[in-house]
Amino acid sequence: MSKYSETSTTVRNQAYLVAALGDLGYKAEIHVDGSALVGYEGRERSERAHVIIRRVQIGSASNDIGFVRKPDGTFGAVLSEYDRAIGFDEKWLGRVHQAYKEQQTLSDAKAKGYVFRGREVVQTPEGPQIRLQFTAR
Amino acid sequence: MQQKLITVTLEPDGTSKIDLEGFADSTCGKVMDDFRGGDRVLSERRKPEYYNKGRDQQLQQGNQ
């Protein structure tokens, strides 16, 4: 039998999220109880987050980017209007979700006994598409 | 014996596609669940060869 399924990535695992941000070149801070995001002028903002990319990694006029753990256990992004306008937008979040899903897939597949067969990156007009292949024992 | 192959395609918009080949009907659901990781399902369908296989079997039975 052959079957297709299409899914939308939900970010639940903090370790995979931090690793995914690392894959994209960001060193994220983890704050178990949350920490205030810092704005472009260096002052703390009212928004808090549990996983934070400090603004020094983004740009001198940028604000911190945060991911806050919501009551349902999923993470949501906290992005300022300015940073969305300079490219940290839905498209960027799509890349974060893509990197997260790669971390999750590789880890889950290994834990469940599937054999990793390879990774291929295909450039598309929308951005890089990643193909992972596995076989079942 | 046909190889049991799983291809996961990760799109730049954060969606992903899971493609199973060579699995028995009874195990497809479990393998899909293993690779979905609790993500929201947007769509799911059997591939055309599944239906073609059934049609081919019917044709063979009809010829006997």
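Residues numbered from 1 in each chain as written. Chains lettered and ligands numbered in written order. Predicted model: local features only at pLDDT ≥ 70, side-chain atom pairs only at ≥ 80, totals over all residues.

Peer 1: Any chance you could break down the overall build of chain B for me, citing the residues and the numbers?
Peer 2: A count of helices and strands for chain B gives two helices and three strands. Helices and strands appear in chain B in the N-to-C order β-β-α-β-α. Buried residues in chain B amount to 22% of all 64 residues. (Helix = DSSP H or I, 4+ residues; strand = E, 2+ residues; numbered from the N terminus. Buried ≥ 20, exposed ≤ 12 C-beta atoms within 10 Å, placed from the backbone.)

Peer 1: Help me get a handle on the confidence of the model for chain A, residues and values and all.
Peer 2: Summarising the model, chain A shows a mean pLDDT of 95, and 99% of its residues fall at 70 or more. By mean pLDDT, the top-scoring element of chain A is helix α1 (residues 14–23) of chain A (98), and the lowest-scoring one is strand β1 (residues 3–8) of chain A (82). (pLDDT = per-residue confidence, 0-100.)

Peer 1: Report on α1 of chain A, specifying residues and quantitative values.
Peer 2: An α-helical turn contains 3.6 residues, so a residue and the one three or four places further along point in the same direction. For α1 of chain A, every residue scored as buried is listed here: Y16, L17, A20 and L21 of chain A. Axial view of α1 of chain A: buried residues confined to an arc of 135°, hence all on one face. (Arc of directions from axis to C-beta.)

Peer 1: Quick rundown of the sheet that holds strand β5 (residues 75–78) of chain A? Include the residues and the values.
Peer 2: All names here are of chain A. Strand order across the open sheet formed by four strands is β2-β3-β4-β5, with antiparallel pairing between neighbours. If you trace the sheet from one side to the other, it starts and ends with β2 (29–38) and β5, each paired once. In this sheet, adjacent strand axes meet at a mean angle of 50° when their direction is disregarded. With four bridges connecting them, strand β4 (residues 65–69) and β5 associate as antiparallel partners. Bridging across to β5, V68 finds its partner in G76. Helix-sheet contacts for α1 involve β2, β3 (44–53), β4 and β5, and the interaxial angle to β3 is about 90°. (Pairing = 2+ DSSP bridges. Axes fitted to C-alpha atoms, helices over the stretch in contact; angles between N-to-C directions. Contact = placed C-beta atoms within 7 Å.)

Peer 1: Residues and numbers for helix α1 (residues 25–36) of chain B, please.
Peer 2: Residues and elements named next belong to chain B. Counted at 1.5 Å a residue, the expected span for α1 with its twelve residues is 16 Å, and the 17 Å between its end C-alpha atoms agrees. Of the residues making up α1, those classed as buried are V31, F35 and R36. Buried positions in α1, seen along its axis, are confined to an arc of 130° and lie on one side of it. Exposed side chains of α1 directed beyond 90 degrees from the buried face belong to S26, G29, K30 and D33. One or two steps after α1, the chain reaches G37, where phi turns positive at roughly 60°. (Expected span 1.5 Å × (residues − 1).)

Peer 1: Run through the pairing of β1 of chain A, naming residues and quoting values.
Peer 2: The side chains of a regular strand alternate between both faces of the sheet. Both β1 of chain A and strand β2 (residues 15–21) of chain B contribute to a ladder of six bridges, which runs antiparallel. Each bridged residue has a counterpart across the sheet, and for S5 of chain A the counterpart in β2 of chain B is I18 of chain B. Alignment of β1 of chain A against strand β3 (residues 40–46) of chain B, held across six bridges, turns out to be antiparallel. In the sheet register, S8 of chain A faces β3 of chain B, and the bridge partner there is R40 of chain B.

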